[in-house]
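Chain by chain, the residues:
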Amino acid sequence: MKAVGASTPRYDGISAVTGRSMFVDDVRPVGLLHVKVLRSAQHSARIARLDTAAAAAMPGVRGVITAADVPRLVVGALEAQGIPGDEPLLALDEVRYLGQPIVAVAAETEAAARAAVAAIDIELQPREPFLDIRLALDPDQPRITPEGNRFHYEKHVERRVRRGDVERAFEQADVIVQGVYRPAAIEHAPVETQAAVAIPEPDGRITIHSTTQALYYSMSIVAEHLKVPLGRLKFVGGQVGGGFGGKVDTPCESVAALLALRTGRPVKYAFTREEEMLCSSVRAAWHIEIADAVTSDGWILGRRTLTLHDAGAYSRLSPYGTNKHTFHMGGAYTIPNVAFNSYVVWTNRVPSSSMRGFGVTSASFAIETHMERIASVLGMDSWELRLRNATRTGDISPTGVRLPDPSAVATLRGAADAAGVRLEGAYGAMTDARGPGEHIPEHLLPAIARLQVGA
Amino acid sequence: MARHRGTGLAAIEYPTGMNQAGDPSQVWIKLKPDGHVDVFTGTCDLGQGSRTVHAQIAADTIGVPYDWVTLDNSNTDSSPLCTGTFASRGIFVGGNAIRRAAVKAREALLDVAGEMMEVDPADLTGEEGFVWPLGVPAKKMSVSEVALAATWTYGRMITGQAAYMKPFSAPDPDTGECEPHYALSYGVCVADVEVCDETGDVQVRKLVQVYDVGRAINPSLVAGQIHGGAMMGLGLALLEESYPDYPGVEHRGGEFGSYVVPSPLELPAMEDRVLENPSADGPFGAKAIGEMASNAQPPAIVNAIHDAVGVWITELPAKPERVLRALRERAEPVRRGKRVVFDEALSVRATSSLDGAGWLLIDD
């Protein structure tokens, strides 16, 4: 039997459901130390005083690190894309979100580490938090950074996508439909929480057992924090107990590795469920506004969008997710005239980061709810509106990509069939390729002409 | 009190991969002396089954049975680089690296077999553990025999290594022009819901879902993605929120008892169909299903709620208090000339100071 196309059982299916698969939590080297972390009790504060001497002298405590002990404190998640980092591994002189790590303690037992964290002498001077992304420019609102509350892309503050002549499309429209869409921040909620075990090896290398979704990416982050070459590190992992994008973050590995170097002992840093829920990154909350220029017979001539992405306290992967969001604000449709604008906005909440569907989940929600509103405003059938505007073979995407093999029509027709919906007339015979006799409205002609000359 | 039925539709597209600075995957493969295959890749398996699917691709490409293949993605000393398991890139970028490396391993295998049979390797073929001269299956030789001879007679090593990557295409800052994806997948969801107008409770009764995955390398793992993704989408639509008072920060749930995820109680009937519209560049035509499987349910469910009771829930999740408030308010869009404006009070123009100055608004 050929393998491709066969429903071969997942290699670890049985071992996972019978509890025999090995995860980071199962790594228990002799002499293992346990990490607990002092976290910010404020949404926003200046660190006025920090003294770890008493904690370091507690029984069972073997290592205490603060920002001063990190060789390279700020490492950006997107440095490979030329985006400088903004988030310290441990807070230096301020905290920007509730739960931000400030001090890490390694001790013989979890209880000893917890007791030492409680003994740390810290004074936080709370500041008013900034929380509503729509108010990012309001003069009476707090500022997350001296430069303000918005991330700046390379040339403009916002990520832009432009195509065609959107002003003309809005002039020509019979109806302009506007709406606002606000999907919530949610948890990744993996069964396995974030965790790392760092083991100092006799040859001076450090082995790091990690829950990461990206071994080499996370290894490069740790190498930067520690300022060591990649050869000094060995990442072990590859089997993850639920990631959903949350384990692209590398929150435990560098701290565990630094404490392993400091103590010469294996060190484990694993998030509790509460830390996983409250202190690890979330799927962002988004604010999305759409205005569509529509003809009374259901052609979408143009679209303008305004998106605000709630990045939380630091950028992490948000500029990447917001790029992806903006590239896909056209949805499964060919809209030849568009102006999409998206902003990454910082707030005093836990940083958001990648999660399944990063940037596009929110786009799909906004676009498809908006499509239904257009159908209701026009009194048009939901299926016909979508089929009419569906991306077809050879159409150009909002970012200028010629699409060789879209299946918007095939999937819609398949779903209609499965749902027992009868598509009337020409809609029942549509294919992804535009038929020779098929009506092409005037607004699509320039795009198709560009295509025909191979532009 | 009455319960109202409604149906909602959503059609989506989703990119396979999202190259924002070069995102290679690398693979190397070696054959043991009995022809069994070791594949080394850095691709993490999150439970979605990439390890299984990658082994399937390697098996058919080299031409050995699936159970001859082991796949080691366990550590960075032996596994070459994979940028990571994200952006729905595992099947396509990781899978293409596997396929390319496996093609090279097959070539190395056929080289040795050609020498043994005194046949031009280009005239050899093979599958499922055997190689033979094209058109002469009677002369077939087992891969084990070839690997054995390669090791002990010819002193050669049968390996293959390859990387796969699409060059980075930076977005134009003024127009956004770029080509960041490897392929696009499409999907449609039809949600059938029941809404209680007294409690605001929404039950999803059925989800009909259709996805184009290019080629289902492993149909049961594709179904797993579709069903798991559907439940995640249902959670997004109806249940989950990290900040119940958003944008306030109070009352966050710190455990599964206070942060509600979908359970088998919410499991609706599901009917799914998989379309195979092969991607020209995908391994065996495959493209992604992973992330997109949780994107179509939230709008389909919200549209079904509108169909059932005539209100739009555009702030997620559509929890009972939101549904009840919407039923009480029965908000209508504002009509201004040819503009039909929904949710005006939520907009940046309405909420920010100075009428939205400093933002590129949608109605400027």
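Within any chain, residue numbers begin from 1 and follow the written order of that chain's sequence. Whichever chain is written first is A, and whichever ligand is written first is 1; the rest continue in order. This being a predicted model, a pLDDT of at least 70 is required before a residue's local features are given, and a value of 80 or more before pairs of side-chain atoms are given or counted; all residues contribute to the totals for chains, interfaces and linings.

This paragraph deals with the overall build of chain B. Along its length, chain B carries seven helices and 13 strands. For chain B, the spread of C-alpha atoms along the principal axes amounts to about 85 × 45 × 40 Å. Counting all 364 residues of chain B, 54% fall into the buried class. Taking contacts inside chain B between residues at least 6 apart in sequence as the whole, the part at least 24 apart equals 74%. The numbering of helices and of strands both runs from the N terminus, where a helix is a DSSP run of H or I of at least 4 residues and a strand a run of E of at least 2. Exposed residues have 12 or fewer other C-beta atoms within 10 Å of their own C-beta, buried residues have 20 or more, and partly exposed residues fall in between, where C-beta atoms are placed from the backbone. In this description, any two residues whose backbone-derived C-beta atoms lie within 7 Å of each other are considered to be in contact.

Turning our eyes to something else, we now look at the nonpolar core. In this description, a nonpolar core means buried residues of the types Ala, Val, Leu, Ile, Met, Phe, Trp, Tyr and Cys, linked to one another by C-beta atoms lying within 7 Å. Ranked by internal contacts, the top residues of the largest apolar core, which has 247 residues, are Val105 and Ala256 of chain A together with Ile305 of chain B. It is helix α2 (residues 90-117) of chain B that provides the largest number of residues to this core, a total of 14 residues. Residues within four places of Val105 of chain A in sequence aside, it is in contact with Val35, Lys36, Ala55, Val61, Val64, Ala113, Ala116 and Val117 of chain A.

What follows deals with helix α10 (residues 382-389) of chain A. Summarising burial for α10 of chain A: six of the eight residues are buried, a large majority. Within α10 of chain A, burial applies to Ser382, Trp383, Leu385, Arg386, Leu387 and Asn389 of chain A. Elements that come into contact with the buried residues of α10 of chain A comprise β14 (300-312), α9 (360-378) and α11 (408-419) of chain A together with β1 (3-16) of chain B.

This paragraph deals with the domain arrangement of chain A. Residue and element names in this part refer to chain A. Note that the domain bounds were set by an automatic or database domain assignment. For chain A, the assigned domains read domain 1 (23-126 + 188-278) and domain 2 (159-185 + 282-450). Distance from the C-alpha centre of domain 1 to the C-alpha centre of domain 2: 40 Å. Three classes are used, and their members are as follows: Ala, Val, Leu, Ile, Met, Phe, Trp, Tyr, Cys and Pro are nonpolar, Asp, Glu, Lys and Arg are charged, and the others, Gly among them, are polar. Each residue belonging to the side of domain 1 that touches domain 2 can be placed in one class, and the counts come to six nonpolar, six polar and four charged.

Take the packing of helix α1 (residues 50-62) of chain B against α2 of chain B next. Residues and elements named next belong to chain B. Lines fitted to the C-alpha atoms define the axes, with helices restricted to the stretch that makes contact. Angles between their N-to-C directions range from 0 to 180 degrees. Two numbers describe how α1 lies on α2: the axes approach to 8 Å, and their chain directions differ by 30°. Taken together, the axes of α1 and α2 lie roughly parallel to each other. Considering only the axes of α1 and α2, their crossing is right-handed. Contacts between α1 and α2 involve Ser50, Val53, His54, Ile57, Ala58, Thr61 and Ile62 on the former and, on the latter, Gly90, Ile91, Gly94, Gly95, Ile98, Arg99, Ala102, Val103, Ala105, Arg106 and Leu109. Along the lines of polarity and charge, the residues of the contact of α1 with α2 split into 10 nonpolar, six polar and two charged. Our angle categories are set so that under 35 degrees counts as roughly parallel, over 145 as roughly antiparallel, 65 to 115 as roughly perpendicular, and the remainder as oblique. Two helices cross in a left-handed way if the nearer one is turned anticlockwise from the farther one by less than a right angle. They cross in a right-handed way if the turn is clockwise.

Residue and element names in this part refer to chain B. The omega torsion of the bond from Tyr246 to Pro247 falls at 5°, within 30 degrees of zero and hence cis. Structurally, Pro247 can be placed in the loop between α4 (219-238) and β11 (269-275). Between Leu316 and the following residue, Pro317, the backbone shows a cis peptide bond with an omega angle of -5°. Turning to its location among the elements, Pro317 is positioned in the loop between α5 (297-309) and α6 (320-329). In the Ramachandran plot, Phe284 falls in the positive-phi region, its phi being about 55° despite a non-glycine side chain. As for its position among the elements, Phe284 is in the loop between β11 and α5.

This brings us to the environment of Arg127 of chain A. Residue and element names in this part refer to chain A. By secondary structure assignment, the location of Arg127 is in the loop between β6 (121-126) and β7 (159-163). When the C-alpha atoms of Arg127 and Glu187 are compared, they prove to be 26 Å apart, with 60 residues separating the residues in sequence. Sequence-distant contacts of Arg127, defined by excluding residues within four places in its chain, comprise Ser44, Ala45, Arg46 and Pro142.

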